[in-house]
4 protein chains.
Amino acid sequence: MDEIDVSTAFSRAPGRPREPQTDERILDAALRLMAQQGFVRMSMDMVATEAGVTKPTIYRRWPSKIELAMAALVAYCDVTLPTVVGDTRTDLITELEHFRHAILRPNGMSLLGTVLAEEHETPELLAAFRKYLVTPRRQRLTAILAAAQTRGELSANADIGLAVNMLVGALYAQYLAATPFTEDWCTRVVDAVLVCLGHRTNADKAG
Amino acid sequence: MDEIDVSTAFSRAPGRPREPQTDERILDAALRLMAQQGFVRMSMDMVATEAGVTKPTIYRRWPSKIELAMAALVAYCDVTLPTVVGDTRTDLITELEHFRHAILRPNGMSLLGTVLAEEHETPELLAAFRKYLVTPRRQRLTAILAAAQTRGELSANADIGLAVNMLVGALYAQYLAATPFTEDWCTRVVDAVLVCLGHRTNADKAG
Amino acid sequence: MDEIDVSTAFSRAPGRPREPQTDERILDAALRLMAQQGFVRMSMDMVATEAGVTKPTIYRRWPSKIELAMAALVAYCDVTLPTVVGDTRTDLITELEHFRHAILRPNGMSLLGTVLAEEHETPELLAAFRKYLVTPRRQRLTAILAAAQTRGELSANADIGLAVNMLVGALYAQYLAATPFTEDWCTRVVDAVLVCLGHRTNADKAG
Amino acid sequence: MDEIDVSTAFSRAPGRPREPQTDERILDAALRLMAQQGFVRMSMDMVATEAGVTKPTIYRRWPSKIELAMAALVAYCDVTLPTVVGDTRTDLITELEHFRHAILRPNGMSLLGTVLAEEHETPELLAAFRKYLVTPRRQRLTAILAAAQTRGELSANADIGLAVNMLVGALYAQYLAATPFTEDWCTRVVDAVLVCLGHRTNADKAG
DNA sequence: GATGAATGAGTGTTCATTCAT
DNA sequence: CATGAATGAACACTCATTCAT
């Protein structure tokens, strides 16, 4: 580059620029600690130590522990999504498999637990969790099923909202029961739910 | 026994008797605080204050905070159970309704959250929750469905474990979605799951 | 015994008699704990547990922790004494050997430390220690040396008080230096001190 | 170095500087409390109050009560030493006088008592006391006597270790006996010990 | 903008002692 | 007389947050 980049030379913030990657390191540490030990046990000291910064460095970015936890949670929710191929059963299985991995990744359920446990003391956490994780996932599942219904694959009066509950909820219940997940677990859940919905492919109808 | 039980009629426990109802007041306070604020935030000071006793009075009964929390949790799990009448659909609805009330009672989900959040730091809590609440409920649901299968109401290859997951899990999912429960919610879940299981009553078969 | 022992039948204290040996068990436990952990760390709960009694049982005998500690200390000081044979050197060695065993018995120096450490908070302990242990021992040593001086074995102007200090103190110093005691340690101390005192036996003088 | 040391001349330690004199005030308070009341009774709250700081200010400097006590003890041991002039008797008297003042300074013996009392529960204290106070003093006394022996002032087979024990120990014994120290106390101890060692000055030999 | 220092309120737990039976 | 229950104050240590440089 021979020329000075005018756009950055004149528009950058005054004073010492923030260390890049520091935000990310802090959020990573906060999320890891919150998932492992819960929101209350996650101490700013430990976050600072694990992130390799000092506490005021954190407080300069987020004004309180709650804000930090929120930011970490939102970053956690921002995951790459599975792609939809158009086949109802396949897409449901893919989506559920993706969800299963999210839940079973280390401390995934502990994080959900923390969020639920803080419902009264720190309701923002559950609100963010719902907004950025629960609702989007449900919307994707709902969209897959609604498209199938539009295509005539499902009975017209099928209760899609209930189907989403059963798909997602079966995972929570299985985890709470502490019984291990088999390889074909997601497939079986999807197939069972599709039965409820009166599913038949266009091939079925043609046959 | 023709004679009066001397040990109870004439003797008396040695030492100063315990203040009556103290145990219950402590456990109530502990459970309330744990459900509202989580295990970590539940402080022995607050439990003592809310129960109207001093801390050593608590420590005389339970040797540590964890033991107290465990006792409160077990007491919470020890609820009166619905009676089974023998009709599959009715019994499932009754059971699920009972579960819904347990979950929706104040802070029921927060308590579950606390238990999940403490999975790494205080695993005893989740273990007790599973032993005294989750597993018994699943066993009752399983028993209802297994009886129905024996009577030929369900298809022989119906996956009862999966059905239980869907019944119970739908509730968790609905709660997490933050959508309100309608009056007929349980009925619709049960009916949907019974479809999956190929349910038909003997009346159906006779007809 | 065919006859009732009148002397005890009529003179014994009213009410339930105290369990014999209980006092001793309590004092033993108290002394052991005080020597091992110090006066402050010796808790009435631990004393009660180790003695197999309850705390009010202790408080009925001694009105406070300090009184109990005093009683235990006095009982500790009441040991069987070495017999004096009349030979100055032999008696000094025997006495010093006896002292050495007392100091080196488990926690002997720790007990002395506790007593010194409590000089400001619980001065009774040091006072009792001096009265029942230090002073008697010094008096025995002084008596041995005074007798020798009377017999003309020591120079007339020998400083007996200083000699006692050197005899006893050498042991403290050796302990503090953390150097091990040899077999002939006491002998060498006594011989050295006797040199200071200009000691010569009558046999010496006769020769 | 011809140049000014830039690091000290122009740079400054990063972060908020420590309140000056805080370390000293904390150590003073800790030592005073430990000497007066013993290690167990010395509470961090009291140290903080007496030093005019808050508890975390203490914990920022020393990670635990034990570490603080150790630091206070080491600071206590770090005293200015008497200078050696080369005359055996004079140097011994000076050294012993110095020791006597250390022991008799307020609570000096109580501090020694605490250190001994904690031998089992907190052995670091006695170890530090030995390392920084007992051993150095003994080494100085030993050096004085060894030099005298080299010069031929003492008999060749004089037991210097024992002599050190008697010099130092006489002080402990005198204190325990609770008899007051006279003005010429140290002189008399030294003279007595020198007799044991067969001391004669070169002047003696020349005469 | 980043640092290390400081704070006040809290944590779970134990203490010597007293009470009621 | 001995028991088990109760108390209020203290214990070492940690917290989220703010300050001074």
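The following refers to the structure shown. Source: prediction; values computed, not measured. (Residues numbered from 1 in each chain as written. Chains lettered and ligands numbered in written order. Predicted model: local features only at pLDDT ≥ 70, side-chain atom pairs only at ≥ 80, totals over all residues. Heavy atoms only, no water.)

**Observations regarding the packing of aromatic side chains**
Now for step 1: Evaluated as defined, the whole model comprises eight aromatic pairs over all chains.
Now for step 2: Taken together, a centroid distance of 5.7 Å and an interplanar angle of 85 degrees make the contact between Phe99 of chain C and Tyr172 of chain C edge-to-face. Of this pair, Phe99 of chain C sits in helix 6 (residues 88-104) while Tyr172 of chain C sits in helix 9 (residues 160-177), and the two are 73 residues apart along the sequence.
Now for step 3: Taking the centre distance of 5.0 Å and the plane angle of 65 degrees together, the rings of Phe181 of chain D and Trp185 of chain D count as edge-to-face. (Phe/Tyr/Trp six-rings, centres within 6.5 Å; stacked < 30°, edge-to-face > 60°. Helix = DSSP H or I, 4+ residues; strand = E, 2+ residues; numbered from the N terminus.)

**A short note on the relation of the copies chain D and chain C**
Now for step 1: Rotating chain D by 179 degrees about the axis while translating it 0.0 Å along that axis superimposes it on chain C, leaving an RMSD of 0.2 Å. Those values place the two copies in the arrangement expected of a two-fold rotation axis.
Now for step 2: Interface overlap between copies: 100% of the residues of chain D at the interface are likewise at the interface in chain C, consistent with a symmetric, same-surface contact. (Least-squares fit on C-alpha atoms with pLDDT ≥ 70 in both. Contact = heavy atoms within 4.5 Å.)

**Focus on the protein's contact with DNA strand E**
Now for step 1: Contacts to DNA strand E come from 41 residues, most closely from Lys55 of chain B, Lys55 of chain C together with Arg16, Arg18 and Arg60 of chain D.
Now for step 2: When atoms of DNA strand E within 4 Å of the protein are split into backbone and base, the sugar-phosphate part holds 62%.
Now for step 3: Note that a phosphate oxygen of DNA strand E is positioned 2.9 Å from one of the backbone N or O atoms of Lys65 of chain C.
Now for step 4: Lys55 of chain D is positioned such that a nitrogen or oxygen atom in its side chain is 3.2 Å from a base oxygen of DNA strand E.
Now for step 5: Listed by contribution, the elements that provide at least two residues to the surface near DNA strand E are helix 4 (55-61) of chain A, helix 4 (55-61) of chain B, helix 4 (55-61) of chain C together with helix 4 (55-61) of chain D.
Now for step 6: Residues that form the surface near DNA strand E fall into these classes: 14 nonpolar, nine polar and 18 charged. (Near = heavy atom within 4 Å. Polar contact = N/O pair within 3.5 Å; in protein donor to acceptor, adjacent residues only side chain to side chain. Nonpolar A, V, L, I, M, F, W, Y, C, P; charged D, E, K, R; others polar.)

**Some details on the environment of Thr122 of chain C**
Now for step 1: Counting through the fold element by element, Thr122 of chain C comes out in the loop between helix 7 (108-117) and helix 8 (123-150).
Now for step 2: In this structure Thr122 of chain C comes out as buried when scored by relative accessible area, which is 0%.
Now for step 3: Through-space distance from the C-alpha of Thr122 of chain C to that of Thr201 of chain C is 46 Å; in sequence the pair is 79 residues apart.
Now for step 4: Look past the residues within four positions of Thr122 of chain C in its chain and what remains in contact with it is Phe39 and Ile66 of chain C together with Arg41 of chain D. (Buried < 20%, exposed > 50% of the residue type's maximum accessible area, 1.4 Å probe, protein only.)

**Observations regarding the pattern of salt bridges**
Opposite charge on two side chains makes pairing possible when the charged atoms of those side chains draw close.
Now for step 1: Scanning the model with the defined rule gives 45 salt bridges over all chains in all.
Now for step 2: Asp45 of chain A serves as the salt-bridge partner of Lys55 of chain A, at 3.2 Å between the closest nitrogen and oxygen. Of this pair, Lys55 of chain A sits in helix 4 while Asp45 of chain A sits in helix 3 (residues 44-51); the two residues are 10 residues apart in sequence, bridging distant segments of the chain.
Now for step 3: The partly exposed category is assigned to Lys55 of chain A, whose relative accessible area is 34%.
Now for step 4: Owing to a relative accessible area of 45%, Asp45 of chain A belongs among the partly exposed residues under this scheme.
Now for step 5: Here Asp159 of chain A and Arg188 of chain B are joined by a salt bridge, their closest N and O atoms 1.9 Å apart. Pair noted here: Asp159 of chain A is in the loop between helix 8 (123-150) and helix 9 (160-177) and Arg188 of chain B is in helix 10 (residues 185-196), and the two residues belong to different chains.
Now for step 6: According to the relative accessible area criterion, Asp159 of chain A is partly exposed, its value standing at 26%.
Now for step 7: We classify Arg188 of chain B as partly exposed; its relative accessible area is 35%.
Now for step 8: Here the salt bridges do not stand alone but share partners, grouping Arg41 of chain A together with Glu118 and Glu121 of chain B into one network. (Salt bridge = Lys/Arg side-chain N within 4 Å of Asp/Glu carboxyl O.)

Read these as spatial facts, not as claims about activity.
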